[in-house]
Each structure stands twice: as structure tokens, then as C-alpha cells.
Amino acid sequence: MKPYTLFSDTPSVQEPSQDAAQAILSGLNTSQRQAVEASDGPVMIIAGAGSGKTRTLMHRIAYLLALRKAWPSQILALTFTNKAAREMRERIGKLVGEDKAKELWMGTFHSVFSRILRREANRIGYNQDFSIYDTDDAQGVIKGLMTAMAIDAKAVSPRAILHKISSAKNQLIRPADYGRYVNGVVDEAAARLYQPYQDQLRRNNAMDFDDLLIKPIELFQKHPDILARYQERWKYLHIDEYQDTNHAQYVITRMLAATHKNICVVGDDAQSIYAFRGADITNILDFQKDYPQAVIVRLEQNYRSTKKILQLADSIIKKNKDQIDKTLWTDNSSGDDITLLEALSEKDEATKVEQNIRHIHLNYGLPYRSFAILYRTNAQSRSLEDALRRGGLPYKIYGGINFYQRKEIKDAVAYLRLVVNPTDNESLKRVINYPTRGIGAKSMERVAEVAHKEGLAYWHVLEKLSQLGFPPAAHQALDKFRFMIGKYAAHLSSLPAAELARELLAEAGLMQELRQENTVEALARWENVQELLNAIAEYEQEFIDDGNGTIVLSRFLQEVSLLTDADNDEGNDNKVTLMTLHASKGLEFPIVFLTGLEENLFPLPQAAADPKQLEEERRLFYVGITRAQEKLYLAFARTRFKYGKWEDSLRSRFLDELDASVLKTEGGGRWSSQKATGIRTTATEAGRWRSGPTQGNSYRVSAMNTPPPLKATPKPPQGRRMVYDEEYTASQPIVPGQKVYHESFGTGKVIAIEGVGDQAKATVFFREVGQKKLVLRFAKLQVVE
DNA sequence: AGAATGGACTTTTTT
DNA sequence: AGTCCATTCT
């Protein structure tokens, strides 16, 4: 048996096939062909938007397989999202066979190297069952340390500190060297916390996202034998979206490519939009310096968009200084003008978008999936969602909080992590008293104290509880918890993962907690946890021959930490897509709406102040524009609801930078920034514009075409009387069975009453929102006769 | 211990 | 507007 059976080494292509290779090349243009054929040595593909770069990468991999330059397991392809990897694998499967595609190493940096780290964990002082911490978990660690080190969390936010530490890690700056970069209070705090933070993660047997990139480098540096093995193993390296790789990723790839030097990177400097996350554009700009013998291929033909859309995109990107020179062109038709939608409020903007979609859908028969609505910040999705819901258009939304970040899922996952990896203090903290089981802050304080003093994990403190003299009630509660978790930990290898998870969550009381709340929201949460359990069962099915329950569960938990919303998407439901501009990278849609083109929103105020960041915002705008195939709409609103109040806004400076010759207004008129109808005026003037019928409501034009809302807001029924009112309390008691009306919940039926006077509470079942418990003094219920 | 109430604060973008 | 946190109430 081989010590490391990560991959099957069976050659999957028996004979080199020139015919197959020719077939793979035949669908490509000259430049793409060149990129595919340059198979040995370093290659950089500078690919413009919509030039078929993913397609080219895919054909390149298929070509290597057809010519039998490598076995599938010797090819590594690193993509920006899991979804991109999955799609590429599917399409390669169609070219050369699914069995071969299955064995390719494909995925994001994070997912590929988390698997490597799992294998080699013991070489860097970790256990293979390590937890992977997201930003929330990591912030929890920082907060804990700040308390322990008496750093005021109000003076410096844990989030800011974490961001500093994260960027230091991205740049491979070690804790000991961080002092040199200190500049300001946040840096100081970060400098003090960096090493303790790393130590704490290790004690928790946990890694954060950055560790998944740094630890492989540490591993390779400390163990050249391991590095050599992977260098040998991966004969061909492919990296998509190279412009968005950070320094750590750069170092990893340089290490891995050192032997064979068969590295092929694909990217577009004009689409670099992740600098805030440490993406380092010099990686792509300096590729030729690192590999002087590199073949550079430019893909400049755009297959996606109309001439006018391309012209518009070109006009905006030209405003940026630093970029690799390239000229995009297309054979596509010139298409329609780009339409500018000027709205009075964000609600009006959303309505206009909705109406345009409806109109095109009805008159031209385009399916809903052809439409995308893009925005700068997640918060903007709400008004758009409302409009689509009112109009009855099906939609799906990416981003915001994804499935695995929901509270109930994080709670459930924390239980499972704790069983798999008991030293995970963060997970323990999260669930030890949820659902409540009498372990309060006091008890946990003491546990933390002992843990800190003796350098133990919380779990190990629980294990020696009897020596610590806790009060009997607390002792019993803690011991019961330890016993429960310990029992499942002991069953890890004997029980199937899905079954174990189900029983644990039931015994912990999590399912019941969600059930008994008896609201629509709680039911949805309960269903989410069920879905998690199903996912475990499904995963287990796939790995049924792969060993025991331990491996299934801990691998599942690790993979799940790296999934995003888009990864869960089937992609084939017929719905309008809503997402941030960032999330739209790599995608295309026949019709695209870019919304919220306003100063202080796009570009964001922080970015507008800094030329570098402003250029990145501009690239983001470029990315948005180039998502569109047929038709593009640019929308902005004069007022927007922000931080709880209405704010006037000015149209984005980006609109003034555009080539106006391909722009028209909604009415069909030519648009030019000079003649623009008072758009970019002062705030006061804009305020005058807004003072129509009512702020943020429907307006003359749009109101006429807007269909009535599907579900009218609940109206107080006639013949009502106030039920709770100082005067009436005595004379108007509510009794179970009584029908009542509540201002925001609508009508409902009283199920039970408890307490008297000011303490009186009623349990009411509302038709719209389910069961609620209300304090009569505040609820202002009205009796419905 | 735990629930409830009131206040401050918030929003970039994400693997 | 919603969320998180601290303080107060039961």
C-alpha cells in the first residue's frame, strides 16, 4: 500500500489521440488555439471580458488529456469559486469522458489545500479533524483574547484587528515581523494579538481561511520532501482569475510550479476587484518577470456582448491609468442602446427594474433566468426583492447570509465540530448553553479562568471538573453536558454520521428549541437544520466505502466551511438573479440591470477618497457592464434609505465618464451629462425633486402601471374596540378564542392568557405570521367583533 | 439564571 | 431598520 493514496494513478487515457486533440482544437479561434497548444512551459493568457477564457482553459486541459501528456490526477486547476470548478469539470467530462474529469484536481485554493492539510496535518502540529473558522468564529477568538488581555473592545473593533491580521497573513508577514509595519492604534492592537491569536487557533485545532493558504507554505518549507512529492505529482498547473490571487497564493503556485514549470495562468487585469481581500495585481503584471520564457497569449475577441455594450465598457475602463494594453472587439451585432433609468427613490428604482423585466418577458418571451439585477452592496437587495415580490416575478438571491452562516446551522455545526474536535473552544462556547441548560456566564467565566491558567482547552477543564469545586448546580449542568458530548464522541467510529448527527442534535434539544417556538421563522430554521442533516446523509452515501463515521463527519464539516451560496445553486431554475457585482464575476446574462449608480454608494465614499480604490471601483463597474450580452440598463435613484433615514443622492461620477453616444434615456432621448435633467445637482435641489406625493412611494408614471400588491397590508377590521387601555383593562378582558387585531401582525385568535394587570400576556395565533406571545400592555390589541 | 428592555451602532465587496 | 450589547427586572 502506498503511504499517500490521494489520487488514483491509473492512466486514464490509454493512447495519445491526435484525432481527439484535433477535435478539441477545432472549436477555437487562433489565439485560443495558441493558448491551448502551448502546453509545456509557462503560459499567461491575458483574456478580456467575454473572450472565452474559461472555455480556453477547459480545452487546454482536455487537450493535455487527449495527448496523454498527463494523467488526470497530475493536473491541478485552481479556480476562484467551487462552482466554477464544478462547471469546468462537467464540461471537460463532456469532451474527454466523465471518469477522467472526475480525477482532475480542481477547486479553489482553499478547498484543494484544506484537503492537503488534512492529509499532512500531523506534520505541522495539527490534528486532521481541525475546524475551519469563518470570520465570525475568528472574531470570537479575537474577542476572547481581548478580554483576557484587557484590551478595550470599544476602542478598537475586533473586526478591524482581524482584518489587519488577515492582511498580514496574506502577505506572509510573520507575527514577529509585524511590529515593523505598525502605524496607529489598530495596528498596535493587531501586533499584540497576532501571535496569541495564532496560538489560540492552534490550541483549538482550528484554522482560519488565511491559514489554509499559509500553512501549506509552512509545511512545504519545513518539509521539502513533502513539497517535492506534490511538485512531482502535479505536472500541470492552471490558475483561473489570476488577477485576484494574493501573495500567499502566488508563493504556493511558484513553489509547486518550480519543477515542471508547466504553469498556465488566466486573467484580466481590468477585472481585478478583490484588492480589499489581499488580491495582488502585481501577480499578473509581473508574470513575465518570474517566467521570462513565458508565452503570452491575448484573447481580445469578445463573444458575449453587443458592440454598444462593449463600447460602453471600453469608455469606462479607459479612465483607469494602470493596465495591460488590450483592445477588445466583437463580431456581434451592434445591438440596442444602453438605457438609463432615473428614479426618484430606491423603491421607484426597484419598480422600474421590475416593470422593464415584466415588459421584456411578456413581449419578447425571454425567460426569467435571462435577467440579472446587480448592485454594489448586499443591503440594496431588499427594495429590489420587495418590488419583484409585489410584481409576482420569481427571483433568487445570492450572497448576503448564505446557508452555512445562518445561526441555526452554525449552532448545529458547532455541536458536530465539538464532537469531532473537542478542543474547539469557539464551538464549545457557542453551544454549551444553547439551548439553555443552566450554564451561565459565571460558570463559563470560571471555566475560562481555569483553562487560561492551566493552558487547557475548555473541554479538558470539564473533564477534571470534580477537582475544581464548582457549586453543585453548575457542576451538575456542566458534567451533564460533558457526558452528552463525550458519549457521541465515543460513538464517532461506530455510528453512521447522519444518524449520529440526528441523535446528537435531538438530545441537545436543538430541534425541540426550534420546534416549540412555533413561528414561521422558527419552522424555517428547523427545516434548515433538517436540510443540513440530509446533506450529511447524502455526503455519507458518497463516502460509504471511504472508512468510518469520523472521517465522513469531519471531512463534511471542513468542506462545508468553504461553501458559499452560489455553490449550492443548481443554476437551472427559471428565476431572475439578484447579486452583488462581486458575485457576478465570471457570469453572463442576456439582460443586466446595474442599480444604485450613485455617489456614496457606487463608488463608495471610502473608495472615492483614494485613487487606487477608485480605480478598483471603476473596474467593478466594468465587470458589471461586461456581464450583459444583449441589453444593459443603468439605474440610479435620487433618494435612498440609509442607516434608518432617507438620504438624497447624486448620480454616480461613473455615469459622466461613459461614452454618451450609446446611451439613451428611458423615454428614448439621447442622454448627455451636460443636458441631463438636473440629475447631478446639489442635494437641496434633489430634495425638491423628491417632494412629490409622498417620500419613497409610488409616483405619477410608475404608479399607473404598477399592478396592485398581491397581498394587501392588513387593514384594521371595522367595528373594533381597544382592548388594552388603562381605562378598559377591567371591563374588556381578552379571553381565549377571541379574535383580535394587531397593528403589524394582522388578525389572529387568542389561544391563551397568562398574568394579570400590567403583566398580562396573551398567546395569539396570527394568520399571517403564526404564533406570538404578546404583553397586552404594549401590544395594543383590538377586539374584532 | 434568564428574560426583557432600551441604547448604540451599523454597511463594502468575500474565499 | 435591524442587530448587538448592557443594564435592569423577575
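Thresholds applied
Residues numbered from 1 in each chain as written. Chains lettered and ligands numbered in written order. Predicted model: local features only at pLDDT ≥ 70, side-chain atom pairs only at ≥ 80, totals over all residues. Heavy atoms only, no water. Pairing = 2+ DSSP bridges. Helix = DSSP H or I, 4+ residues; strand = E, 2+ residues; numbered from the N terminus. Axes fitted to C-alpha atoms, helices over the stretch in contact; angles between N-to-C directions. Contact = heavy atoms within 4.5 Å. Salt bridge = Lys/Arg side-chain N within 4 Å of Asp/Glu carboxyl O. Buried < 20%, exposed > 50% of the residue type's maximum accessible area, 1.4 Å probe, protein only. Near = heavy atom within 4 Å. Polar contact = N/O pair within 3.5 Å; in protein donor to acceptor, adjacent residues only side chain to side chain. Nonpolar A, V, L, I, M, F, W, Y, C, P; charged D, E, K, R; others polar. pLDDT = per-residue confidence, 0-100.

## Focus on the sheet that holds strand β3 (residues 105-108)
Strand order across the open sheet formed by six strands is β3-β2-β6-β7-β1-β8, with parallel pairing between neighbours. At either margin of the open sheet sits one strand with a lone partner, and together these are β3 and β8 (295-299). The average angle at which neighbouring strand axes cross in this sheet is 15°, direction not considered. Sheet topology note: the strand β6 (residues 236-239)/strand β7 (residues 263-267) ladder contains three bridges and is parallel. Residue L237 lies in a different strand from β7, and its bridge partner there is I263. Sitting on the sheet, helix α3 (residues 53-66) is in contact with β1 (43-47), β2 (75-79), β3, β6, β7 and β8, with an inclination near 170° to β6. Helix α4 (residues 82-96) contacts β2 and β3 of the sheet and is inclined by roughly 155° relative to β3.

## Observations regarding the pattern of salt bridges
A full pass over the atoms with the stated rule returns 44 salt bridges. A salt bridge links D211 to K169, with the shortest nitrogen-to-oxygen separation between them at 3.0 Å. Of this pair, D211 sits in helix α11 (residues 211-222) while K169 is found in helix α8 (residues 158-170), placing the two residues 42 residues apart along the sequence. Owing to a relative accessible area of 0%, D211 belongs among the buried residues under this scheme. Among the salt bridges present, the one from R482 reaches D479, with a minimum N-O distance of 3.3 Å. Here R482 and its partner D479 are both found in helix α23 (residues 472-490), three residues apart, which amounts to about one turn of the helix. Put simply, K53, E241, D244 and K585 are held in one network by salt bridges that share partners.

## Here's the deal with the protein's contact with DNA strand C
Neighbouring residues of DNA strand C: K143, F641, Y643 and G644. Measuring from a phosphate oxygen of DNA strand C, one finds a side-chain N or O atom of K143 at 3.2 Å. Tallied by class, residues from the surface near DNA strand C come to two nonpolar, one polar and one charged.

## Overview of the protein's contact with DNA strand B
Neighbouring DNA strand B are 25 residues, the closest being R277, R376, N378, T564 and L604. A distance of 2.8 Å is found between a phosphate oxygen of DNA strand B and a backbone nitrogen or oxygen belonging to N378. Between a phosphate oxygen of DNA strand B and a side-chain N or O atom of N433, the distance comes to 3.2 Å.

## Brief notes about the confidence of the model for chain A
Counting all residues, the mean pLDDT for chain A is 82, and 82% of those residues have values of 70 or more. Between residues 1-13, whose pLDDT stays under 50, and residues either more than four places distant or in other chains, the model counts 29 contacts. Note that residues 677-733 has pLDDT below 50 and, in this model, 90 contacts with residues that lie over four places away or in other chains.

## Description of the environment of A121
By the secondary structure assignment, A121 is in the loop between α6 (109-120) and β4 (131-133). Taking the relative accessible area as the measure of exposure, A121 reaches 1% and is therefore buried. Taking the C-alpha atoms as reference points, A121 and L219, 98 residues apart in sequence, are found 9.0 Å from one another. With residues near it in sequence (within four places) discarded, A121 still touches Y126, N127 and Q128.

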